[in-house]
Amino acid sequence: MAETGAVARNVVPLSDADLVLETPRLVLRPLAGDGRDLALGVRLFTDPEVVRYVCSLSSEAELAEEMPVITRRGAGGRLGIWVVTRKDTGEAIGTSILLPLPVEVDDTDWSLVVPERYPEAEIEVGYMLVRDAWGQGFATEACSRLLEFAFESTTLDEIKATTHPENAASQHVLTKCGLRHEGMRRAYDCECSGFSITRAEWERKRRAG
Ligand SMILES: CC(C)(COP(=O)(O)OP(=O)(O)OC[C@H]1O[C@@H](n2cnc3c(N)ncnc32)[C@H](O)[C@@H]1OP(=O)(O)O)[C@@H](O)C(=O)NCCC(=O)NCCS
């Protein structure tokens, strides 16, 4: 990373509008924590197929309790959870993230997500979609857009990702987006497949089209 907590004080905040990201078929907007976003969380986190490689199931009550924490944004708004919506139907189909990567703990350390600075941590990109939306290229579109945002609108020099070793669909999304497989590594308090892309690699990929 280009900056650490020690030197990156007073990060200039981005406006709400700057945090709304478009792709040809999608709009990504910051998780707001209202009823619509809770309903999306319930669709995602009560579906055993969706959480299969990610975490355990959560109840609606647990999700509602987490909302004030998981809607936090770090580094002037640049880190956090985005809701992925379809332009054609307006449906919220999932979430995508730029957040500190947990290593020896099994979930994001939300105390690192503060507006004033970048955390002293690797930053990961991630995504989860409701099952109806799988297999249509939406995760690749959302992930590519967040990488573009990361390298154009933050000072981060590298973005990481990790998956369960058997999560072939997610690994395919990451390699399509230009991330390199780095082998097994610690993340989420277990052994995961690690992926990475540097700013230079992303710029080379963009120049190549
Ligand atoms: C992983 C996930 C986000 C993929 O979303 P998606 O929109 O279907 O992904 P895309 O369509 O953009 O790309 C998936 C690619 O993987 C391929 N794929 C799907 N299942 C696969 C499998 N079992 N083995 C190998 N490749 C697979 C698809 O063919 C597609 O590649 P293609 O475009 O070359 O055909 C979605 O399945 C999901 O939300 N899963 C549950 C949550 C999760 O695991 N998140 C990732 C945590 S690391």
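Residues numbered from 1 in each chain as written. Predicted model: local features only at pLDDT ≥ 70, side-chain atom pairs only at ≥ 80, totals over all residues.

A. Expanded view of helix H1 (residues 35–45). For H1, the set of buried residues is Asp-37, Leu-40, Gly-41, Leu-44 and Phe-45. Looking straight down H1, one finds that the buried residues subtend no more than 115° of arc, so they occupy a single side. Across from the buried face of H1, at angles greater than 90 degrees, the exposed residues are Gly-35 and Arg-36. The elements touched by buried residues of H1 are helix H2 (48–51), helix H3 (60–70), strand S3 (80–86), strand S4 (92–100) and strand S5 (123–129). (Buried ≥ 20, exposed ≤ 12 C-beta atoms within 10 Å, placed from the backbone. Helix = DSSP H or I, 4+ residues; strand = E, 2+ residues; numbered from the N terminus. Arc of directions from axis to C-beta. Contact = placed C-beta atoms within 7 Å.)

B. Here's a closer look at unusual backbone geometry. At Ala-75, a position not held by glycine, the phi torsion is positive, near 50°. With respect to the secondary-structure elements, Ala-75 resides in the loop between H3 and S3. On the neighbour-count criterion, Ala-75 (26 C-beta atoms within 10 Å) is buried. Non-glycine residue Tyr-188 carries a positive phi angle of around 55°. Looking at the secondary structure, you find Tyr-188 in the loop between strand S7 (180–187) and strand S8 (190–198). You can call Tyr-188 buried: it has 20 C-beta atoms within 10 Å.

C. View of the environment of Asp-106. Here Asp-106 lies in the loop between S4 and S5. Expressed as a C-alpha distance, the spacing of Asp-106 and Ser-58, which sit 48 residues apart in the sequence, is 15 Å. Discounting residues that sit within four places of it in the chain, Asp-106 has contacts with Tyr-188 and Asp-189.

D. How the structure looks around the site of the ligand. Near the ligand you find 21 residues, and of these Ala-139, Thr-140, Ala-168, Ala-169 and His-172 are the closest. Mapped by element, the contributors of at least two residues to the shell around the ligand are S5, helix H4 (138–153) and helix H5 (168–176). For the shell around the ligand, the element with the most residues is H5, which contributes five residues. Of the residues contributing to the shell around the ligand, the split by class is 12 nonpolar, nine polar and no charged. (Near = placed C-beta within 6 Å. Nonpolar A, V, L, I, M, F, W, Y, C, P; charged D, E, K, R; others polar.)

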